[in-house]
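For reference, the chains in residue letters:
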Amino acid sequence: MLVPTTMRTFLLCFFLFCVAQVRAQQDISLAGSWKVRLDKEDRGVNEQWFRKDEGQAIPLPGTLDDAGIGEKIKLDTSVMNKEVMLMLTRKHAYVGPAWYSKRIVIPAGWTDKVIRLYLERVIWNTRVWVDGKEAGTDESLSTPHVFDLSNYLTPGTHLLTIRIDNRKQHDISVRDMAHAYTDGTQIIWNGVIGAVKLKAVNRLSVGAVQTYPDVAQKSVGLKITLENHNAGAQKAILKATVFQGSKQVVTRNIPVTIAPGSSGNEMELSLGNNAKLWDEFDPQLYRVAIVLQTTGGKLLDRKETRFGLRVLTNDQQTLRMNGRPVFLRGTLECNIFPLTGHPPMTHEGWLKVFRAAKSYGLNHLRFHSWCPPQAAFEVADSMGFYLQVELPFWNLHAGEDAATNRFLESEAARISETYGNHPSFCLWSLGNELQGDFNWLHGLLTQMKQRDKRHLYTTTTFTFEKDHGRWPEPGDDFFITQYTKKGWVRGQGVFNDHTPDFSTDYTAAVEGASVPLITHEIGQYSVYPNLKEIHKYTGVLDPLNLKAVRNDLRKKNLLQLADSFTLASGIFAAQLYKEEMERALKTNGISGYQLLDLHDFPGQGTALVGILDAFWDSKQLVRPEEHRMYSSEVVPLVRFNKAVYTNDEAFAITAAVANFSAGTLKNTLPQLTIKDQSGKVVFKKDWPAADLPVGNGSRIGEAQFALNTIKKAEILTIELVLKGTNYKNQWRIWVYPTTVADKADHIVFTRSFSEAQKLLEEGKTVLLNPDTSALKGVNGRFAPVFWSPVHFPDQPGTMGILCNPQHPALQQFPTAFHSDWQWWDLITSSKTMIIDSLPEMTPVVRVIDNFFKNRKMANVIEARVGKGKLLMTSVNIADRLDQRPAARQLRYSLLQYMNSAGFVPQTVLTPEQLLSLKK
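In what follows, the accompanying structure is described. (Residues numbered from 1 in each chain as written. Predicted model: local features only at pLDDT ≥ 70, side-chain atom pairs only at ≥ 80, totals over all residues. Heavy atoms only, no water.)

### Observations concerning the overall build of the chain
Here is step 1 of the chain: Regarding its fold elements, the chain presents 15 helices and 53 strands.
Here is step 2 of the chain: At 32 Å, the chain has a C-alpha radius of gyration in line with the 29 Å of a compact globule built from 919 residues.
Here is step 3 of the chain: By its C-alpha atoms, the chain is 115 × 70 × 65 Å across when sized along the principal axes.
Here is step 4 of the chain: In the chain, which comprises 919 residues, the proportion classed as buried is 59%.
Here is step 5 of the chain: The contacts in the chain between residues at least 6 apart in sequence include a share of 72% that link residues at least 24 apart.
Here is step 6 of the chain: Here the chain has roughly 35500 Å² of accessible surface; of this, 50% comes from carbon and sulfur atoms. (Helix = DSSP H or I, 4+ residues; strand = E, 2+ residues; numbered from the N terminus. Rg over C-alpha atoms; globule rule 2.2 N^0.38 Å. Buried < 20%, exposed > 50% of the residue type's maximum accessible area, 1.4 Å probe, protein only. Contact = heavy atoms within 4.5 Å. Areas by Shrake-Rupley, 256 points an atom, 1.4 Å probe, with all protein chains shown as cover.)

### Quick word on the layout of surface pockets
Here is step 1 of the chain: Here the largest pocket is characterised by a volume of approximately 2000 Å³.
Here is step 2 of the chain: Surrounding the largest pocket, 50 residues form its lining, Lys-199, Val-206, Gly-207, Lys-303 and Glu-304 being those nearest its centre.
Here is step 3 of the chain: Of all the elements in the fold, those that place two or more residues in the lining of the largest pocket are helix 1 (5-24), strand 9 (114-121), strand 12 (145-148), strand 14 (191-201), strand 15 (204-214), strand 21 (299-307), helix 5 (374-383) and helix 6 (402-419).
Here is step 4 of the chain: No other element matches strand 21, which puts 8 residues into the lining of the largest pocket.
Here is step 5 of the chain: Each residue belonging to the lining of the largest pocket can be placed in one class, and the counts come to 17 nonpolar, 13 polar and 20 charged.
Here is step 6 of the chain: Taken as a whole, the second largest pocket encloses approximately 610 Å³ of empty space.
Here is step 7 of the chain: Gln-575, Lys-578, Gln-730, Arg-732 and Asp-820 are the residues nearest the centre of the second largest pocket, which is lined by 28 residues in total.
Here is step 8 of the chain: Elements with a contribution of two residues or more to the lining of the second largest pocket: helix 10 (562-586), strand 43 (714-723) and strand 44 (728-736). (1 Å grid on protein atoms, 1.4 Å probe; cavity = no way out; pocket = protein on both sides within 12 Å on 5 of 7 lines; lining within 4 Å. Points joined across faces, edges and corners; volume = space filled by probe spheres on them. Nonpolar A, V, L, I, M, F, W, Y, C, P; charged D, E, K, R; others polar.)

### Observations regarding empty space enclosed by the protein
Here is step 1 of the chain: A full pass over the atoms with the stated rule returns 6 cavities of 30 Å³ or more.
Here is step 2 of the chain: Looking at the largest cavity, its volume works out to about 60 Å³.
Here is step 3 of the chain: Lining the largest cavity, in full, are Arg-121, Val-122, Ile-123, Leu-141, Ser-142, Ala-180, Gln-186, Trp-189, Asn-335, Trp-370 and Cys-371.
Here is step 4 of the chain: Computed from the structure, the second largest cavity encloses a volume of approximately 60 Å³.
Here is step 5 of the chain: Phe-438, Thr-458, Thr-459, Thr-460, Phe-462, Thr-463, Gly-469, Trp-471, Glu-473, Asp-476, Phe-479 and Ile-480 are the residues that line the second largest cavity.

### Structural notes on the sheet that holds strand 22 (residues 312-315)
Here is step 1 of the chain: Taken in spatial order, the 3 strands make up an open sheet running 22-23-24, and their pairing is antiparallel. If you trace the sheet from one side to the other, it starts and ends with strand 22 and strand 24 (324-325), each paired once.
Here is step 2 of the chain: Relative to strand 23 (residues 318-321), strand 22 runs antiparallel, the two sharing 4 bridges. Following the sheet pairing, Thr-313 is matched in strand 23 by Arg-320. (Pairing = 2+ DSSP bridges.)

### Brief notes about helix 4 (residues 347-359)
Here is step 1 of the chain: For helix 4, built from 13 residues, the straight-helix expectation of 18 Å at 1.5 Å per residue is met to within 8% by its first-to-last C-alpha distance of 18 Å.
Here is step 2 of the chain: On its buried face, helix 4 is in contact with strand 25 (328-333), strand 26 (364-367), helix 5 and strand 27 (386-390).
Here is step 3 of the chain: One or two positions beyond helix 4, positive phi appears at Gly-361, with a value near 90 degrees. (Expected span 1.5 Å × (residues − 1).)

### Some thoughts on the environment of Lys-869
Here is step 1 of the chain: Of note, Lys-869 is situated in strand 52 (residues 868-873).
Here is step 2 of the chain: For Lys-869 and Pro-155, which are 714 residues apart along the polypeptide, the C-alpha to C-alpha distance reads 93 Å.
Here is step 3 of the chain: Beyond its immediate stretch of four places on either side in the chain, Lys-869 contacts Leu-760, Lys-764, Thr-765, Val-766, Ala-863, Phe-903 and Pro-905.

### Thoughts on the sheet that holds strand 15
Here is step 1 of the chain: Taking strand neighbours across the sheet as the criterion, the 3 strands line up as 15-16-19 in an open arrangement whose pairing is antiparallel. Two strands lie at the open edges of the sheet, namely strand 15 and strand 19 (261-270), each paired on one side alone. Across the sheet, the axes of successive neighbouring strands diverge by a mean angle of 20 degrees, strand direction being ignored.
Here is step 2 of the chain: Inspection of the sheet shows strand 16 (residues 219-228) paired to strand 19 by 10 bridges, in the antiparallel sense. When the sheet's bridge partners are listed, Thr-225 is paired in strand 19 with Gly-264. (Axes fitted to C-alpha atoms, helices over the stretch in contact; angles between N-to-C directions.)

This is the structure we're talking about:
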């Protein structure tokens, strides 16, 4: 009989529904409500843990912190101390075993299936019981915990119990700072994050699938593990199909005989002459589907994975992606996720991270002493990011503990199998700043390279170990360092000790290195805490450190300046980061940099070194398009000798372009312009059209501008643009008149406290500029606090200046409200005054103290003392003024102000208060 159309449609829909249900039943999500009981005393295995329905309800995936379970942490934020300032504070904390249980139902269709429990990410050790019978144990910080429960689960209801122990299992880290196991960024949570599920497969199934792209042959090699849980060998058909998008590229079937247990099978599939390569500019992905079926065509199993056709190589000192030079513009990711205390396990969370990094011109992330989850790799694959993964290892005694060694060797193998197919997985380091037995490290590196040749490897991401760290280790494919045996390759060793110089690079320091060099953790310039972000901490972490800073500022009547402190110190830090990045880009032999950091690091003493906050949100310091001027695939560069000039000099530059785009830039039209503060163009130069090949050696030409047309103190903006593109870059220089008056009528300049006191008592107007040796205070330091004033307390520890550029005392000394390069000589020849004991005043030039001390500090103040008027500066404006144009110009500006009717100081100081500044 004929079936009506509507009935046929119904039957078809019902059939598809049933098929979908059958397929869906191969995975059973265990997400939802579980019961948990804490075992702080570690009472061992006993019957109490297997009683049904006992314990506190908790949702999984999730953590005890999410559920508010654990010891409530309370710290006193009314005082500034290391404990409260060390890191963000967990609202609840628990470290120890916790027992999770849930009643589960196994469907009848799972009879004779292989059933596995899958816990996507756990800290650190797990043990599993089914109906009170122990079924296995696992440990990993980087990969899923997987348990074969086939012998324990039959159709019907069962009690599943998981004991999770987040105590430290192995000595992987100094002071628990490795970011796979730490309370400094990620917290030491207890629970399960990501997928929590049971998975059933046939007794003949597909195991691991590894892909090995071959760019030269335009093919992909496959290593496929097949699993046979039957008693005897089984015949089957193995089919591999490669897709690009929805388009089938190639397919191949082979008959296989599968012995009991696991067996490996290999295939090589050609992707065709038009195969698409994967890189940052065109991250083309392929999908490979592996199907196992009976010889009669019945589906047994299907597994998919993705890969990109790419090859990353080291050509002496040059990194190459698919044969083209590549420059890594990177930052660290240290497992900083303040709402959850753990990494996102979904695409959405990682899209925010990678989109922020990309908007600021980056193409690279280094995962410092940890490995991210699957979702991170998948997003990075789709966006063309180059990732550096590290073992969960930051240790000063590498190789000395046999159990730790075995754990790390196992972790390396698991990471390779779990994430090795991802094209974004480019670089692999054994860990951060490792010390100890380098022979053992060399052996582990060799073992990892032999197992998986899809990545480039390095022994350690820098090291302080004696006789190591200054040159590549044997076996290194690339080398990460802050200095070599020939000198520094980051500004930490330069910016405080050397006059600003924009022609220098690090070529001499890297010359002769045998592998590509990446500069280690450049920057680390501390930014004053952004107190406006306190309200964003709505999750498991409490920003008690930021609240303590806020309370301290309130007590000292400085809270109204907090936003200005953040902005001034942050813009200043961004200027230093800019020069760091440009020096690396100018250097032949450097293949990239790793910032520390684009975003804040809230641990290790509150190391707020980012231009973004810990949430990857902007602090409004630098707009993304500004940052991309000096951090993108194409960066115009100029070299010039100094920041400060006089108007009898010429400003000379050499222009170049670092081009690390997808190819040669054809017929580019470089143009240099110089503008004064009003925006008027005072100089312009156009160069002929040129082709700029990939690399950082594309020299454009030279230009020279006589500064004699500049009659007054000026800030000039230099801009190099490639016309017709979005590529441009900017710099500033300061130009001062060659001669200015160094005296003014009715104003007495003195370096003596006693003379100043006498003159003020007589009603004189005094410019007091004591020798720094005669002053109490803090030695002047140009660069801001390194990393954290809590973590590294023994440093001068200031964070730049804060001033009002419109203050009449600065009208002849053009400046921004924050530190910039023209202040270098002034600050390094100063001693910062601590003015806590003085009456409330607004300094002409304030110095921002570090947030751990929050002292009131200044370099220029004004006051009435006795019958006279005082302007006092702790910047040396007396010595060698013929060689120090910025000091000469500042002195002139101060004198002009003091000689005007506007010099009417409001603050009154007693002679004793003035003398309190004297050593």
